Amino acid sequence: MSSVSEGKTAQIVAVTTSVSREDDTYRYRLNQSYVQAVENARLVPVLIPPLRDVRSVERVLDRVDGLVLTGGGDIAPLRYGAESRNVRSVSAPRDATEIELVLEARRRGIPTLGICRGIQILNVAFGGSLVQDIGTDWPGALAHDQAAPRTARSHSISLEAGSIVREALGAPAMEVNSLHHQAVDRLADGFVVTARSGDGVVEAIESRIDGWWAIGVQWHPEDLVAAPDSPDRGLFNALRRAIGE
Ligand code: MN
């Protein structure tokens, strides 16, 4: 007996979670759509919560093949040397865990996809900064915190020729959803901006660091992959290819 999948080992991807207090209990949370998008790309998700001892991330990365940084609350502005203004749902343990995860992923060359807060973690971990609140800091910007459902596309982006995201999505421009009030400001060393919305807000960055495949997107591709012909599936498939099938 043989099959196409015979002999292949499914690649495992660490997927980070948030922590928040509800009903007097702290709970770890992750939208189901992340898990489904990763599984649809024939990868196995393993959820990693904020850890008390950040050195534990080394043990996690010993055992996984890729990393997905997910959405959630804001990063503490002190992490990029700024005073706190208009920030929401900061979690120091989550900041510490995710920053250590990406620094260690870079040391090991583990392919990394950052989504929403995840693009911001990539940027801040390597020395970049954030726009703390688009609505107050950039008057005239598009509405990036859409009222429409997460599965609705609400603004367009333009993708840089030759970039990983453009290859993965297969088009020079597309419509995306938008559920963020912060964005990349000063870009981290070792990264390039590969997509922007019409108002100039950074919507994708990617690593130019030798031997490390890492991309960050400001929208939520995991909520846009339901349709079989969704271009956003290409991002998760690109992660699988970067890991090596
Ligand atoms: Mn946006």
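Residues numbered from 1 in each chain as written. Predicted model: local features only at pLDDT ≥ 70, side-chain atom pairs only at ≥ 80, totals over all residues. Heavy atoms only, no water.

## Details of the coordination of the manganese ion
Protein-derived ligands of the manganese ion are His144 (ND1), His155 (NE2), Ser178 (OG), His180 (NE2) and Glu203 (OE), with the metal-ligand distances lying across 2.2 to 2.3 Å. Sequence spacing of the donor residues for the manganese ion, all on one chain, is H-x10-H-x22-S-x1-H-x22-E. Of this pair, His144 sits in the loop between helix H5 (134-137) and strand E8 (155-159) while Glu203 sits in strand E12 (residues 202-207), and the two are 59 residues apart along the sequence. Classification of His144 by relative accessible area gives buried; the value is 3%. (Donors = N, O, S within 2.8 Å, 3.2 Å for Na, K, Ca; no water. Helix = DSSP H or I, 4+ residues; strand = E, 2+ residues; numbered from the N terminus. Buried < 20%, exposed > 50% of the residue type's maximum accessible area, 1.4 Å probe, protein only.)

## Description of the pairing of strand E13 (residues 214-217)
Alternating positions in E13 separate into two faces, Ala214 and Gly216 on one and Ile215 and Val217 on the other, with burial throughout. The sheet contact formed by strand E6 (residues 112-115) and E13 spans 4 bridges and is parallel. Across the sheet, the residue bridging to Leu113 is Ile215, located in E13. What sits between the antiparallel neighbours E12 and E13 is a turn of 6 residues, in which Gly211 has the positive phi angle 80°. (Pairing = 2+ DSSP bridges.)

## What to know about the environment of Trp213
The topology assignment puts Trp213 in the loop between E12 and E13. C-alpha separation for the pair Trp213 and Ala242, spaced 29 residues apart in sequence, amounts to 6.8 Å. Leaving out residues up to four positions away in the same chain, Trp213 has contacts with Ile110, Pro111, Thr112, Ile164, Ala238, Leu239 and Ala242. (Contact = heavy atoms within 4.5 Å.)

## Focus: the pattern of salt bridges
Taken as a whole and assessed by the stated rule, the structure comprises 17 salt bridges. With its nearest N and O atoms 3.4 Å apart, the salt bridge here joins Asp145 to Arg88. In this pair, Asp145 sits in the loop between H5 and E8 while Arg88 sits in the loop between strand E5 (66-69) and helix H3 (92-108), placing the two residues 57 residues apart along the sequence. Residue Arg88 is classed as partly exposed on the basis of its relative accessible area of 41%. Each of Arg59, Asp62, Glu100, Glu104, Arg107 and Arg108 takes part in salt bridges that share partners, so that together they form one network. (Salt bridge = Lys/Arg side-chain N within 4 Å of Asp/Glu carboxyl O.)

## As for the packing of H3 against helix H4 (residues 117-125)
Running from N to C, H3 and H4 cross one another at 70°; their axes reach a closest spacing of 9 Å. Judged by the angle between their axes, H3 and H4 are roughly perpendicular. For the crossing formed where H3 meets H4, the hand is right-handed. On H4, the residues that touch Arg94, Asp95, Glu98, Ile99, Val102 and Leu103 of H3 are Arg117, Ile121, Leu122 and Ala125. Each residue belonging to the contact of H3 with H4 can be placed in one class, and the counts come to 6 nonpolar, no polar and 4 charged. (Axes fitted to C-alpha atoms, helices over the stretch in contact; angles between N-to-C directions. Parallel < 35°, antiparallel > 145°, perpendicular 65-115°, else oblique. Left-handed = near helix turned anticlockwise from the far one by under 90°. Nonpolar A, V, L, I, M, F, W, Y, C, P; charged D, E, K, R; others polar.)

## Structural notes on helix H1 (residues 32-40)
Taken together, the buried positions of H1 are occupied by Ser33, Tyr34, Ala37 and Val38. Angularly, the buried residues of H1 cover 135° about the axis, an arc narrow enough to put them on a single face. On its buried side, H1 packs onto strand E1 (11-16), strand E4 (43-48), E5, E6 and helix H7 (233-243). Arg42 lies just past H1 and shows a positive phi near 65°. (Arc of directions from axis to C-beta.)

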